[in-house]
Amino acid sequence: MTAQPDPLAAAVTAPKGRRAQPDGMVEKRGAGLWLTHLGLIIGLLFIFFPIWLAFVASTVSQPEIVKPPMPLLPGDHFFENYRKALVAGVNAPVAMMMLNSMVMALGIAFGKIVISLLSAFAIVYFKFPGRRVFFWLIFLTLMLPVEVRIVPTYEVIANFGMLNSYSGLIFPLIASATATFLFRQFFMTVPDELAEAARVDGAKPMRFFWDILLPMSRTNIAALFVILFIYGWNQYLWPLLITTDPSMNTIVMGIKQMFPSGDDVADWPVIMATSILAMIPPVIVVISMQKLFIRGLVDSEK
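To start, this report covers the structure provided alongside it.

Rules and cut-offs
- Residue numbers run consecutively from 1 along every chain, following the written order of its sequence.
- Totals for whole chains, interfaces and linings use all residues, but because this is a predicted model, local features are given only for residues with pLDDT of at least 70 and pairs of side-chain atoms are given and counted only at 80 or more.
- With hydrogens and water excluded, all non-hydrogen atoms of the structure serve as input to the side-chain values.
- Runs of E in the DSSP output that reach at least two residues are strands. Runs of H or I that reach at least four are helices, and both are numbered from the N terminus.
- Buried, partly exposed and exposed residues are distinguished by accessible area as a fraction of the type maximum, computed with a 1.4 Å probe on protein chains only: under 20%, between the cut-offs, and over 50%, respectively.
- When checking whether two residues touch, look at their non-hydrogen atoms; a contact exists if any pair is within 4.5 Å.
- Accessible surface is estimated by sampling points in the Shrake-Rupley manner with a 1.4 Å probe; for residues, cover comes only from the protein chains shown.
- Patch rule: a residue counts if its relative accessible area is over 30% and it has no salt bridge; like charges are joined within 9 Å, and nonpolar side chains (Val, Leu, Ile, Met, Phe, Trp, Tyr) within 5 Å.
- By salt bridge we mean one thing: a side-chain nitrogen of Lys or Arg within 4 Å of a carboxyl oxygen of Asp or Glu.
- We call a set of buried Ala, Val, Leu, Ile, Met, Phe, Trp, Tyr and Cys residues a nonpolar core when their side-chain atoms join them within 4.5 Å.
- To estimate how far a helix should extend, the number of its residues minus one is multiplied by 1.5 Å.
- The angle separating two fitted axes, one through the seven residues that finish at a residue and one through the seven that start at it, defines the bend at that residue.
- Planes of paired rings set the category: under 30 degrees apart is stacked, over 60 is edge-to-face and the rest tilted, where pairs are Phe, Tyr or Trp rings (Trp by its six-membered ring) whose centres lie within 6.5 Å.
- Two conditions define a charge sitting above a ring: the NZ of Lys or the CZ of Arg must be within 6 Å of the ring centre, and it must be within 35 degrees of the ring normal.
- Pairs of N or O atoms within 3.5 Å make up the polar contacts considered here, provided that, within protein, one atom can donate a hydrogen while the other can accept it, and that residues adjacent in sequence are counted only when both atoms are side-chain atoms.

**Details of the overall build of the protein**
Looking only at helices and strands, the protein has 16 helices and two strands in total. Evaluated residue by residue, the protein yields a buried proportion of 34% over its 302 residues. Counted over contacts in the protein with a minimum sequence separation of 6, partners at least 24 positions apart contribute 69%. Counting only carbon and sulfur atoms, one obtains 70% of the accessible surface of the protein, whose full area is about 18,700 Å².

**Considerations on a nonpolar patch on the surface**
A surface patch of nonpolar side chains, about 860 Å² in accessible area, is lined by Phe126, Phe128, Val133, Phe134, Leu137, Leu140, Met143, Leu144 and Val148. Assignment of secondary structure puts Leu140 in helix H6 (residues 131-140).

**Points about the nonpolar core**
If you look at the biggest cluster of nonpolar residues, it comprises 49 residues, and the most contacted ones within it are Val94, Leu117, Phe183, Phe187, Leu213, Phe225 and Ile251. Ranked by the residues each element gives to this core, the list is headed by helix H5 (residues 94-125), at 10 residues. In contact with Val94, not counting residues within four places along its chain, are Ala85, Leu86, Ile251, Met258, Thr274 and Leu277. Val146, Ile170, Leu173 and Ile242 belong to the second-largest nonpolar core, a separate cluster that totals 13 residues.

**Side note on helix H2 (residues 31-57)**
With 27 residues, H2 extends 38 Å from end C-alpha to end C-alpha; this agrees with the ideal 39 Å at 1.5 Å per step. Along H2, the largest kink reaches about 35° and is centred on Phe48; proline Pro50 follows within four residues of it. All of the buried residues in H2 are Ala54, Val56 and Ala57. On its buried side, H2 packs onto helix H3 (62-66) and helix H15 (268-288).

**A short note on the packing of aromatic side chains**
Within the structure shown, the criterion is met by 19 aromatic pairs. Centroid distance Phe135 to Trp136: 5.2 Å. Interplanar angle 65°. Geometry classified as edge-to-face. For Phe135, a relative accessible area of 2% translates into the label buried. An aromatic cluster is defined as three or more aromatic residues linked by ring pairs; in this entry it consists of Phe121, Tyr125, Phe126, Phe183, Phe186, Phe187, Phe208 and Phe209. Arg184 extends its terminal NZ or CZ atom over the ring of Phe135, reaching a point 4.2 Å from the ring centre.

**Some words on the environment of Ser288**
Relative to the helices and strands, Ser288 is located in helix H15. Ser288 gets classed as exposed once you look at its relative accessible area, which sits at 56%. Note: C-alpha distance between Ser288 and Val226 (62 residues apart in sequence) is 9.8 Å. Separated by 2.8 Å, the side chain of Ser288 and the backbone oxygen of Ile284 make a polar contact. A polar atom in the side chain of Ser288 sits 3.1 Å from the backbone oxygen of Val285.

The quantities given are spatial measurements derived from coordinates; they are silent on function.
Below you can see the structure in the form of structure tokens.
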């Protein structure tokens, strides 16, 4: 028999600054660990500093912003500026615009996931003529983003009377070739024995989809939900095109409309408060679904 290496002996004889792991991994110690953390901290500061400046600007008065140097510590106008943004706004209250963006982002995310799951399920598990052709036709739509087909899409929405409505904001954007492709690739890795066992047990196709495939796709759904929610939240061109009523403005449109034109003076504290408020829902979604999001992207079994 071949003698197995002793993990304890390997750890003792490992070079200084590193510790050998039983599974062959090497953990960095000493100066390398500190330099790694220092680089991460510096990068975090570079990313966070503009956000901190925006938050500080949202808590001070207008003269404090326009008069250099700009303060680096929060002021005493926090509640006043945020109340003004949420209740009054410029063209519409920020609370109403955030509600519109929330409805649009959730509708787009859920719509894309549901349609992509069902289309991928049909392509993988149903045998019908031309299913590969239909899949590649769906995949080819990646070359036709909204900006390319925006004129005919607008005409269709206008003819159906969906201007200035949530349905007009959501329906043209709920088809996703990328999500369909990802779910198709995952479904193709599911063992055929599962489908055969479900068929033997008398499970109908939708029962197999609901009880087996959907729970197995949980991490993929979470990862796609985070990406699609942020995609819907950041939409600007399509809402700008089909909404003329200020009560249907989204938060991204509202921020753009707050900037002055001509000789008007910008209310910078309110604009910065609106920008901070616009970042809160995506941050909450990312933080609350962080574990599932990472597992959905890097899980080796998928």
